[in-house]
Amino acid sequence: MNMSRKLSCEEELYEGFEDVKGKFKRGTIREEDLKRTTQLIYHFDEGEEFHTLCEPRNLFQQVNWHTRDNSTLPLWPTEVLCLPSHHRFISVPPTQQEPFYHSDEHVVVPKIQSPNGRGNVVYSNMPGPQAYFTEARSGASRGLKPQPPRDPDDFTLLFESRFESGNLAKAIQVGKWDYELLLRADLYTCKHTQWYFFSLSNMMAGQVYRFTIINFYKSNSLYGQTLQPLCYSVRDAEENKKGWRRHGHSIKYFKTNIKRKGTRDRYYYALTWSCVFPHSNDTCYFAHCYPFTYSDMLAHLRKISADPECSRYCKWRTLCHTIAGNPVPLLTITSSSLSLQESKLKRAVVVTARVHPGETNSSWMMKGLIDYLTNSSDDAKVVMFILNV
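Each chain carries its own residue numbering, running from 1 in the direction its sequence is written. Predicted model: local features are reported for residues with pLDDT of at least 70 only, side-chain atom pairs are reported and counted for 80 or more only, and whole-chain, interface and lining totals are derived from all residues. Processing note: side-chain calculations cover all non-hydrogen atoms of the structure and skip hydrogens and water entirely.

Draft legend 1. Just the environment of methionine 365, in detail. A run of H or I in DSSP counts as a helix once it spans at least four residues, and a run of E counts as a strand once it spans at least two, with each numbered from the N terminus. When you line up the elements, methionine 365 lands in helix α6 (residues 360–373). With a 1.4 Å probe rolled over the protein chains alone, any residue whose accessible area is under 20% of its type maximum counts as buried; one over 50% counts as exposed, and the rest are partly exposed. You can call methionine 365 exposed: its relative accessible area is 63%. On a C-alpha basis, the gap between methionine 365 and alanine 353 in space is 8.3 Å, while along the polypeptide they are 12 residues apart.

Pasting the structure below:
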(Lines give C-alpha, C1' and ligand atoms only; values in the text may rest on other atoms or scores of the structure.)
Protein backbone atom coordinates (compact mmCIF):
# COMPACT_ATOMS: atom_id res chain seq x y z
CA MET A 1 0.00 0.00 0.00
CA ASN A 2 1.43 3.34 -1.03
CA MET A 3 1.44 5.62 2.05
CA SER A 4 3.22 8.57 0.41
CA ARG A 5 -0.05 10.46 0.03
CA LYS A 6 -3.45 10.50 1.71
CA LEU A 7 -5.88 8.16 0.03
CA SER A 8 -9.32 9.30 -0.99
CA CYS A 9 -12.34 7.50 0.42
CA GLU A 10 -12.83 5.61 -2.82
CA GLU A 11 -9.15 4.66 -2.97
CA GLU A 12 -9.22 3.48 0.63
CA LEU A 13 -12.27 1.38 -0.15
CA TYR A 14 -10.61 -0.50 -2.94
CA GLU A 15 -7.01 -0.48 -1.72
CA GLY A 16 -5.86 -4.08 -1.35
CA PHE A 17 -7.80 -5.32 -4.35
CA GLU A 18 -6.17 -6.25 -7.60
CA ASP A 19 -7.90 -5.30 -10.82
CA VAL A 20 -8.04 -8.34 -13.10
CA LYS A 21 -9.82 -7.67 -16.39
CA GLY A 22 -12.33 -5.33 -14.78
CA LYS A 23 -13.06 -7.65 -11.86
CA PHE A 24 -11.94 -7.36 -8.25
CA LYS A 25 -10.53 -10.29 -6.39
CA ARG A 26 -9.91 -10.61 -2.68
CA GLY A 27 -6.67 -9.03 -1.45
CA THR A 28 -5.16 -8.51 1.99
CA ILE A 29 -8.05 -6.37 3.36
CA ARG A 30 -10.84 -8.24 5.06
CA GLU A 31 -14.37 -7.97 3.76
CA GLU A 32 -15.48 -6.31 7.02
CA ASP A 33 -13.10 -3.42 6.34
CA LEU A 34 -15.07 -2.53 3.24
CA LYS A 35 -18.29 -1.92 5.12
CA ARG A 36 -17.89 1.82 5.47
CA THR A 37 -21.66 2.25 5.16
CA THR A 38 -24.59 0.55 6.84
CA GLN A 39 -26.70 0.86 3.69
CA LEU A 40 -24.81 -1.58 1.44
CA ILE A 41 -24.17 -5.30 1.65
CA TYR A 42 -21.11 -6.58 -0.25
CA HIS A 43 -21.23 -9.94 -2.01
CA PHE A 44 -18.39 -11.71 -3.84
CA ASP A 45 -18.70 -14.40 -6.45
CA GLU A 46 -15.54 -15.76 -8.07
CA GLY A 47 -13.72 -12.53 -7.38
CA GLU A 48 -16.52 -10.30 -8.72
CA GLU A 49 -18.09 -7.84 -6.30
CA PHE A 50 -21.83 -7.22 -6.00
CA HIS A 51 -23.73 -4.65 -3.89
CA THR A 52 -27.26 -4.85 -2.53
CA LEU A 53 -29.20 -2.35 -0.46
CA CYS A 54 -29.90 -3.12 3.19
CA GLU A 55 -33.40 -3.06 4.56
CA PRO A 56 -33.98 0.03 6.75
CA ARG A 57 -33.13 -0.45 10.40
CA ASN A 58 -36.12 -0.31 12.73
CA LEU A 59 -34.74 2.28 15.12
CA PHE A 60 -38.23 2.89 16.49
CA GLN A 61 -41.33 0.77 16.74
CA GLN A 62 -43.05 0.73 13.39
CA VAL A 63 -46.21 2.81 13.24
CA ASN A 64 -49.60 1.17 12.85
CA TRP A 65 -51.41 3.56 10.52
CA HIS A 66 -54.81 2.14 11.52
CA THR A 67 -54.63 3.36 15.13
CA ARG A 68 -55.16 6.85 16.51
CA ASP A 69 -53.76 6.46 20.02
CA ASN A 70 -50.87 8.38 21.58
CA SER A 71 -48.31 6.21 19.79
CA THR A 72 -49.33 7.74 16.46
CA LEU A 73 -49.58 11.37 17.59
CA PRO A 74 -46.93 13.66 16.11
CA LEU A 75 -43.88 14.16 18.27
CA TRP A 76 -43.19 17.82 19.08
CA PRO A 77 -40.06 19.53 20.36
CA THR A 78 -40.79 20.21 24.02
CA GLU A 79 -40.34 23.97 23.63
CA VAL A 80 -43.01 24.27 20.91
CA LEU A 81 -46.45 24.97 22.38
CA CYS A 82 -49.40 23.06 20.97
CA LEU A 83 -53.07 23.07 21.98
CA PRO A 84 -54.74 19.70 22.60
CA SER A 85 -57.20 20.05 19.72
CA HIS A 86 -57.23 21.64 16.29
CA HIS A 87 -59.95 22.28 13.75
CA ARG A 88 -60.30 19.77 10.92
CA PHE A 89 -60.87 21.55 7.62
CA ILE A 90 -63.37 20.33 5.07
CA SER A 91 -62.02 19.70 1.59
CA VAL A 92 -64.29 21.08 -1.11
CA PRO A 93 -63.02 20.70 -4.70
CA PRO A 94 -63.38 24.01 -6.55
CA THR A 95 -66.07 24.19 -9.18
CA GLN A 96 -64.03 26.60 -11.29
CA GLN A 97 -60.47 27.83 -11.62
CA GLU A 98 -59.31 30.29 -9.01
CA PRO A 99 -59.55 33.84 -10.40
CA PHE A 100 -56.45 36.00 -10.49
CA TYR A 101 -56.45 39.03 -8.23
CA HIS A 102 -56.00 42.27 -10.14
CA SER A 103 -53.68 44.36 -8.02
CA ASP A 104 -54.45 47.99 -7.30
CA GLU A 105 -51.53 50.29 -8.05
CA HIS A 106 -53.06 52.97 -5.81
CA VAL A 107 -52.78 50.96 -2.57
CA VAL A 108 -51.23 53.15 0.13
CA VAL A 109 -48.36 51.37 1.86
CA PRO A 110 -48.90 51.54 5.64
CA LYS A 111 -46.23 53.02 7.86
CA ILE A 112 -44.76 50.30 10.06
CA GLN A 113 -45.24 51.34 13.70
CA SER A 114 -44.61 48.42 16.06
CA PRO A 115 -40.77 48.35 15.80
CA ASN A 116 -40.85 51.88 17.26
CA GLY A 117 -42.72 50.67 20.33
CA ARG A 118 -46.16 51.76 19.19
CA GLY A 119 -49.24 49.59 19.50
CA ASN A 120 -50.42 46.96 21.95
CA VAL A 121 -49.29 43.33 21.84
CA VAL A 122 -52.49 41.25 21.73
CA TYR A 123 -50.89 37.87 21.03
CA SER A 124 -47.42 36.43 21.65
CA ASN A 125 -46.03 33.01 20.79
CA MET A 126 -42.39 33.94 20.43
CA PRO A 127 -39.83 31.12 20.10
CA GLY A 128 -37.65 30.28 23.08
CA PRO A 129 -33.87 30.53 23.32
CA GLN A 130 -33.29 26.95 22.14
CA ALA A 131 -30.95 26.95 19.14
CA TYR A 132 -31.22 23.21 18.45
CA PHE A 133 -33.37 20.18 19.21
CA THR A 134 -33.02 18.52 22.63
CA GLU A 135 -36.06 16.31 23.26
CA ALA A 136 -39.61 15.64 22.09
CA ARG A 137 -43.01 14.95 23.57
CA SER A 138 -46.08 13.18 22.17
CA GLY A 139 -49.12 15.31 21.43
CA ALA A 140 -50.20 18.61 22.96
CA SER A 141 -48.52 20.67 25.67
CA ARG A 142 -49.77 19.75 29.11
CA GLY A 143 -52.03 22.32 30.73
CA LEU A 144 -52.08 24.62 27.69
CA LYS A 145 -55.47 26.28 27.22
CA PRO A 146 -56.98 28.49 24.50
CA GLN A 147 -57.11 32.21 25.08
CA PRO A 148 -60.13 33.35 27.13
CA PRO A 149 -62.90 35.19 25.25
CA ARG A 150 -63.03 38.98 25.15
CA ASP A 151 -65.60 41.10 26.94
CA PRO A 152 -68.79 41.70 24.90
CA ASP A 153 -67.84 45.33 24.19
CA ASP A 154 -64.19 44.51 23.30
CA PHE A 155 -63.74 43.86 19.58
CA THR A 156 -60.00 43.26 19.71
CA LEU A 157 -59.21 40.21 17.61
CA LEU A 158 -58.16 36.97 19.28
CA PHE A 159 -55.22 35.42 17.44
CA GLU A 160 -53.98 31.83 17.70
CA SER A 161 -51.20 29.76 16.11
CA ARG A 162 -50.40 27.16 18.77
CA PHE A 163 -51.50 24.33 16.54
CA GLU A 164 -49.83 22.06 14.01
CA SER A 165 -48.02 24.14 11.35
CA GLY A 166 -49.13 27.44 12.91
CA ASN A 167 -46.32 30.02 12.80
CA LEU A 168 -47.62 33.39 14.03
CA ALA A 169 -45.19 34.75 16.63
CA LYS A 170 -46.79 38.05 17.62
CA ALA A 171 -49.75 40.29 16.81
CA ILE A 172 -49.64 44.03 17.60
CA GLN A 173 -52.72 46.22 17.40
CA VAL A 174 -51.63 49.55 15.93
CA GLY A 175 -55.15 50.87 15.25
CA LYS A 176 -58.70 49.92 16.14
CA TRP A 177 -58.96 47.72 13.06
CA ASP A 178 -55.26 47.58 12.11
CA TYR A 179 -52.78 44.83 13.09
CA GLU A 180 -49.09 44.21 12.44
CA LEU A 181 -47.94 40.59 12.54
CA LEU A 182 -44.60 38.86 13.10
CA LEU A 183 -43.95 35.30 11.92
CA ARG A 184 -41.87 32.63 13.61
CA ALA A 185 -38.88 31.49 11.57
CA ASP A 186 -38.65 27.84 10.58
CA LEU A 187 -37.63 25.81 13.60
CA TYR A 188 -34.02 26.33 14.78
CA THR A 189 -33.30 28.88 12.08
CA CYS A 190 -33.20 32.67 12.09
CA LYS A 191 -34.92 33.16 8.74
CA HIS A 192 -37.29 31.47 6.25
CA THR A 193 -40.47 33.44 7.00
CA GLN A 194 -42.16 33.35 3.61
CA TRP A 195 -45.31 31.47 4.58
CA TYR A 196 -47.93 31.87 7.31
CA PHE A 197 -50.78 30.01 9.00
CA PHE A 198 -52.83 31.35 11.93
CA SER A 199 -56.39 31.83 13.13
CA LEU A 200 -58.37 34.73 14.55
CA SER A 201 -61.78 35.27 16.13
CA ASN A 202 -63.95 37.93 17.81
CA MET A 203 -64.38 39.86 14.57
CA MET A 204 -67.19 42.21 13.63
CA ALA A 205 -69.05 41.51 10.39
CA GLY A 206 -68.92 44.22 7.73
CA GLN A 207 -65.92 46.02 9.24
CA VAL A 208 -62.74 46.51 7.17
CA TYR A 209 -59.66 45.07 8.90
CA ARG A 210 -56.06 45.50 7.79
CA PHE A 211 -53.22 43.04 8.42
CA THR A 212 -49.54 43.61 7.72
CA ILE A 213 -46.91 40.87 8.09
CA ILE A 214 -43.67 42.81 8.58
CA ASN A 215 -40.81 40.26 8.64
CA PHE A 216 -40.64 38.57 5.25
CA TYR A 217 -37.18 37.98 3.79
CA LYS A 218 -37.58 37.66 0.03
CA SER A 219 -37.54 40.73 -2.18
CA ASN A 220 -40.07 39.30 -4.64
CA SER A 221 -43.39 37.63 -4.07
CA LEU A 222 -46.36 36.31 -6.02
CA TYR A 223 -48.49 38.74 -4.03
CA GLY A 224 -47.25 41.32 -6.47
CA GLN A 225 -48.47 39.10 -9.31
CA THR A 226 -52.18 38.36 -8.72
CA LEU A 227 -51.91 36.15 -5.58
CA GLN A 228 -54.38 36.55 -2.67
CA PRO A 229 -54.22 35.17 0.88
CA LEU A 230 -56.29 32.08 1.64
CA CYS A 231 -59.10 32.32 4.19
CA TYR A 232 -61.24 29.67 5.87
CA SER A 233 -64.40 30.50 7.80
CA VAL A 234 -65.49 27.86 10.31
CA ARG A 235 -69.04 29.15 10.21
CA ASP A 236 -69.19 29.11 6.40
CA ALA A 237 -67.85 25.56 6.44
CA GLU A 238 -70.48 24.39 8.92
CA GLU A 239 -73.45 26.25 7.44
CA ASN A 240 -72.66 26.48 3.73
CA LYS A 241 -70.05 23.71 3.18
CA LYS A 242 -67.54 26.29 1.93
CA GLY A 243 -63.86 25.52 2.38
CA TRP A 244 -60.72 27.54 1.76
CA ARG A 245 -61.09 30.49 -0.60
CA ARG A 246 -58.99 33.42 -1.78
CA HIS A 247 -59.89 36.51 0.17
CA GLY A 248 -58.73 40.08 0.67
CA HIS A 249 -58.19 43.33 -1.19
CA SER A 250 -55.75 46.25 -1.18
CA ILE A 251 -52.90 43.71 -1.31
CA LYS A 252 -49.36 45.02 -1.47
CA TYR A 253 -45.92 43.43 -1.02
CA PHE A 254 -43.25 46.02 -0.29
CA LYS A 255 -39.85 46.75 1.20
CA THR A 256 -39.87 48.14 4.74
CA ASN A 257 -37.46 50.51 6.48
CA ILE A 258 -36.69 47.83 9.11
CA LYS A 259 -33.07 46.75 8.77
CA ARG A 260 -32.26 43.11 9.37
CA LYS A 261 -29.94 42.51 12.29
CA GLY A 262 -26.36 41.69 11.43
CA THR A 263 -26.59 43.20 7.94
CA ARG A 264 -25.54 46.55 6.49
CA ASP A 265 -28.07 47.17 3.77
CA ARG A 266 -30.66 44.38 3.96
CA TYR A 267 -34.21 45.12 5.00
CA TYR A 268 -37.35 43.17 5.80
CA TYR A 269 -40.27 43.01 3.39
CA ALA A 270 -43.94 43.19 4.27
CA LEU A 271 -47.28 41.97 3.00
CA THR A 272 -50.38 44.05 3.71
CA TRP A 273 -53.99 43.24 2.87
CA SER A 274 -57.46 44.29 3.98
CA CYS A 275 -60.58 42.19 4.29
CA VAL A 276 -64.19 42.18 5.46
CA PHE A 277 -65.47 39.18 7.42
CA PRO A 278 -69.00 38.00 6.57
CA HIS A 279 -69.88 36.83 10.09
CA SER A 280 -69.43 38.20 13.59
CA ASN A 281 -67.95 35.99 16.32
CA ASP A 282 -66.64 33.56 13.72
CA THR A 283 -63.27 31.77 13.71
CA CYS A 284 -61.26 32.31 10.54
CA TYR A 285 -57.90 31.00 9.40
CA PHE A 286 -55.42 32.70 7.09
CA ALA A 287 -52.76 30.77 5.19
CA HIS A 288 -50.25 31.34 2.42
CA CYS A 289 -51.27 28.10 0.69
CA TYR A 290 -53.71 25.28 1.43
CA PRO A 291 -52.44 23.70 4.67
CA PHE A 292 -51.25 20.10 4.66
CA THR A 293 -49.89 18.91 7.99
CA TYR A 294 -48.07 15.80 9.15
CA SER A 295 -51.34 14.62 10.73
CA ASP A 296 -53.07 15.07 7.36
CA MET A 297 -50.46 12.78 5.82
CA LEU A 298 -51.03 10.15 8.52
CA ALA A 299 -54.79 10.29 7.94
CA HIS A 300 -54.22 9.80 4.22
CA LEU A 301 -51.99 6.79 4.84
CA ARG A 302 -54.54 5.25 7.21
CA LYS A 303 -57.20 5.55 4.52
CA ILE A 304 -54.97 3.82 1.95
CA SER A 305 -53.86 1.03 4.26
CA ALA A 306 -57.46 0.37 5.36
CA ASP A 307 -58.53 -0.22 1.74
CA PRO A 308 -58.06 -3.92 0.89
CA GLU A 309 -57.76 -3.20 -2.83
CA CYS A 310 -55.15 -0.46 -2.43
CA SER A 311 -53.10 -2.42 0.06
CA ARG A 312 -52.52 -5.18 -2.54
CA TYR A 313 -50.22 -2.99 -4.62
CA CYS A 314 -49.33 -0.18 -2.22
CA LYS A 315 -46.89 -1.12 0.54
CA TRP A 316 -45.28 1.13 3.11
CA ARG A 317 -42.29 1.01 5.38
CA THR A 318 -40.37 3.52 7.46
CA LEU A 319 -37.59 5.11 5.44
CA CYS A 320 -36.13 7.04 8.37
CA HIS A 321 -37.16 9.19 11.33
CA THR A 322 -37.06 12.90 11.89
CA ILE A 323 -34.85 14.29 14.60
CA ALA A 324 -37.89 14.34 16.92
CA GLY A 325 -38.65 10.70 16.16
CA ASN A 326 -41.56 11.04 13.72
CA PRO A 327 -41.45 8.26 11.11
CA VAL A 328 -40.96 9.23 7.47
CA PRO A 329 -42.95 6.68 5.44
CA LEU A 330 -41.83 5.24 2.13
CA LEU A 331 -44.64 4.02 -0.11
CA THR A 332 -43.93 1.48 -2.84
CA ILE A 333 -46.64 1.31 -5.49
CA THR A 334 -46.52 -1.29 -8.25
CA SER A 335 -48.73 -3.82 -10.00
CA SER A 336 -48.37 -7.52 -9.25
CA SER A 337 -45.64 -9.39 -11.11
CA LEU A 338 -46.11 -12.89 -12.44
CA SER A 339 -42.56 -13.87 -11.61
CA LEU A 340 -39.46 -12.68 -9.78
CA GLN A 341 -37.75 -12.14 -13.13
CA GLU A 342 -40.57 -9.84 -14.28
CA SER A 343 -40.30 -7.90 -11.05
CA LYS A 344 -36.55 -7.41 -11.53
CA LEU A 345 -37.10 -5.99 -15.01
CA LYS A 346 -39.29 -3.16 -13.72
CA ARG A 347 -37.74 0.27 -13.61
CA ALA A 348 -37.84 2.17 -10.34
CA VAL A 349 -39.08 5.75 -10.07
CA VAL A 350 -38.54 7.82 -6.91
CA VAL A 351 -40.82 10.78 -6.24
CA THR A 352 -40.27 13.24 -3.38
CA ALA A 353 -42.04 16.45 -2.40
CA ARG A 354 -42.05 19.27 0.14
CA VAL A 355 -38.45 19.95 1.01
CA HIS A 356 -39.36 23.05 3.06
CA PRO A 357 -42.20 23.47 5.61
CA GLY A 358 -44.06 26.13 3.64
CA GLU A 359 -44.33 24.11 0.42
CA THR A 360 -47.75 22.64 1.14
CA ASN A 361 -48.75 22.80 -2.53
CA SER A 362 -46.25 20.03 -3.29
CA SER A 363 -47.82 17.84 -0.57
CA TRP A 364 -51.21 18.23 -2.26
CA MET A 365 -49.67 17.32 -5.61
CA MET A 366 -48.13 14.21 -4.04
CA LYS A 367 -51.48 13.28 -2.51
CA GLY A 368 -53.11 13.64 -5.93
CA LEU A 369 -50.49 11.41 -7.53
CA ILE A 370 -50.93 8.74 -4.85
CA ASP A 371 -54.72 8.89 -5.11
CA TYR A 372 -54.53 8.48 -8.89
CA LEU A 373 -52.17 5.50 -8.71
CA THR A 374 -54.26 3.77 -6.04
CA ASN A 375 -57.71 4.32 -7.54
CA SER A 376 -59.72 1.78 -9.53
CA SER A 377 -59.26 3.24 -13.00
CA ASP A 378 -57.81 1.07 -15.74
CA ASP A 379 -54.95 3.50 -16.36
CA ALA A 380 -53.85 3.35 -12.75
CA LYS A 381 -53.92 -0.46 -12.66
CA VAL A 382 -51.25 -0.79 -15.34
CA VAL A 383 -48.17 0.33 -13.43
CA MET A 384 -45.25 -1.25 -15.27
CA PHE A 385 -42.66 0.21 -12.95
CA ILE A 386 -41.94 0.45 -9.23
CA LEU A 387 -42.86 3.85 -7.81
CA ASN A 388 -41.28 4.80 -4.51
CA VAL A 389 -42.92 7.80 -2.83
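Still more ground to cover, so stick around.
Draft legend 2. Highlighting the nonpolar core. Side-chain atoms within 4.5 Å are what join buried Ala, Val, Leu, Ile, Met, Phe, Trp, Tyr and Cys residues into a set we call a nonpolar core. Formed by 31 residues in total, the largest nonpolar core has its most connected members in Phe159, Leu200, Phe211 and Phe286. Secondary-structure elements contributing two or more residues to this core are β6 (120–124), β9 (168–175), β10 (178–183), β11 (197–201), β12 (208–216), β15 (249–259), β16 (267–276) and β17 (283–287). Whether two residues are in contact is decided by their heavy atoms, any of which lying within 4.5 Å being enough. In contact with phenylalanine 159, not counting residues within four places along its chain, are Val122, Tyr123, Gln147, Leu168, Ala171, Tyr179, Leu181, Phe198, Ser199, Leu200 and Phe211.

Draft legend 3. Structural view of the sheet that holds strand β14 (residues 245–246). Here, strands pair whenever DSSP counts at least two bridges between them. Strand order in this open sheet of five strands is β8-β11-β17-β13-β14, and the pairing throughout is antiparallel. One side of each edge strand has no neighbouring strand; the edge strands of this open sheet are β8 (158–160) and β14. Sheet analysis places strand β13 (residues 230–233) next to β17, joined by four bridges and oriented antiparallel. Residue pairing in the sheet places leucine 230 in a bridge with alanine 287 of β17.

Draft legend 4. Main features of the sheet that holds β6. Across the sheet, six strands lie side by side as β6-β9-β10-β12-β16-β15; this open sheet has mixed pairing. Looking along the sheet, the strands with just one partner apiece sit at the ends: β6 and β15. The sheet shows a mean angle of 25 degrees between the axes of neighbouring strands, taken without regard to direction. The pairing of β12 with β16 spans seven bridges and is classified as antiparallel. Within β16, the position partnered with isoleucine 213 by the bridge is leucine 271. Here an angle of 0 to 180 degrees is reported between the N-to-C directions of two axes, which are lines fitted to C-alpha atoms, with helices fitted over the stretch in contact.

Draft legend 5. Structural view of the packing of aromatic side chains. Note on ring pairs: Phe, Tyr and Trp rings are taken, using the six-membered ring of Trp, and paired if centres are within 6.5 Å. Classes follow the plane angle, with under 30 degrees stacked, over 60 edge-to-face and the rest tilted. Counted under the stated rule, the structure contains 29 aromatic pairs. Geometrically, the ring pair formed by phenylalanine 211 and phenylalanine 277 is edge-to-face, given 6.5 Å between the ring centres and 70 degrees between the ring planes. Remark: phenylalanine 277 occurs in the loop between β16 and β17 and phenylalanine 211 occurs in strand β12; sequence separation between them is 66 residues. When its relative accessible area of 1% is taken as the criterion, phenylalanine 277 is described as buried. A connected cluster of aromatic rings, assembled from ring pairs, spans Phe159, Trp177, Tyr179, Tyr196, Phe198, Tyr209, Phe211, Trp273, Phe277 and Phe286.

Draft legend 6. Local environment of the pairing of β9. The element β9 is extensively covered by neighbouring structure, given that six of its eight residues are classed as buried. Here four bridges tie β6 to β9, and the two strands are oriented antiparallel to one another. Paired with serine 124 across the bridge in β9 is lysine 170. Here β9 pairs with β10 via six bridges, running antiparallel. Residue pairing across strands places isoleucine 172 opposite glutamate 180, the latter belonging to β10. Taking the residues between adjacent antiparallel strands as the criterion, β9 and β10 are bridged by two residues.

Draft legend 7. Spatial organisation of the pairing of β13. Neither face of β13 is exposed, since Leu230 and Tyr232 on one face and Cys231 and Ser233 on the opposite face are all buried. Looking at chain direction, β13 and β14 are connected through two bridges and run antiparallel. Across the sheet, residue leucine 230 finds its bridge partner in β14, namely arginine 246.

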